[in-house]
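Chain and residue survey
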Amino acid sequence: ASDLPALVRQVFAYLPDTAEGFTFKLAAADDPNRCEPSLDELAACLDDGIDMQKVIEAVFDLESFLELSPDFAVPALTGLARLDGRVVGVAALAGTRLTGAMADKFTGFIQLCDRLNLPLITLLDTAGYELSAAAEQAGLVSAATRLFAAGSSCQIPRLTVAVGELIGPAYV
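Below: a short report on this structure. (Residues numbered from 1 in each chain as written. Predicted model: local features only at pLDDT ≥ 70, side-chain atom pairs only at ≥ 80, totals over all residues. Heavy atoms only, no water.)

Most of strand β4 (residues 120–126) is tucked away: seven of the seven residues are buried. Covered by surrounding structure in β4 are Leu120, Thr122, Leu124 and Thr126 together with Ile121, Leu123 and Asp125, the residues of both alternating faces. As judged from the six bridges shared by strand β3 (residues 86–94) and β4, these two strands associate in the parallel manner. Pairing of Gly89 across the sheet is with Leu120, part of β4. Crossover connection from β3 via helix α4 (residues 100–116) to parallel β4: handedness right-handed. Of the strand pairs in this sheet, β4 and strand β5 (residues 158–166) are connected by six bridges, and their pairing is parallel. If you follow Leu124 over to β5, its bridge partner there is Ala162. (Buried < 20%, exposed > 50% of the residue type's maximum accessible area, 1.4 Å probe, protein only. Helix = DSSP H or I, 4+ residues; strand = E, 2+ residues; numbered from the N terminus. Pairing = 2+ DSSP bridges. Right-handed = clockwise from strand over helix to strand, strands pointing away.)

Written as structure tokens, this is what we have:
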């Protein structure tokens with residue numbers, strides 16, 4: 001509870017000034033042309049699985065990733081980060097199939113980025129949706145439908161990066 005004011009200030013630093021977006025771009029604290037050798041190391045180990053947290057740390061401005069809902073629908077990652085000083089939404093998933101809870105997490109995050117007029121960058125390494133009777137009974141079909149609807153109706157710039165394997169309807 002003592003960290004709550006600091007967390008609120010941190011979140012507000014990522015929110016736009018106006019309904020149209022940010023009035024001014026923040027000065028980037030990171031070199032946009034920075035070469036990151038750790039990406040080569042991650043690429044060499046694709047078969048061993050990908051740590052999306054490390055990919056995010058390597059790609060976006062240093063220490064700029066603010067994860068939202070870290071305890072919900074793990075290992076799906078959603079958060080805000082800076083790219084050359086500009087705030088972007090980041091959604092990532094690695095090494096597992098999408099469940100209904102993950103689809104709901106991504107749906108809410110896409111809608112948040114759309115409301116805040118933030119570009120969305122998605123980093124994926126997944127073979128699609130979880131395929132099982134249990135997943136279907138848990139509401140996967142409805143969650144996947146909501147995810148598709150959110151993705152197709154949003155008005156923000158979106159970029160999906162295939163970090164590893166990306167099969168079928170996994171393009172969030």
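Checked against the element boundaries, Leu123 lands in strand β4. As for Leu123 and Ala91, which are separated by 32 residues in sequence, their C-alpha atoms are 6.3 Å apart.

So yeah, pure geometry; function would need other evidence.
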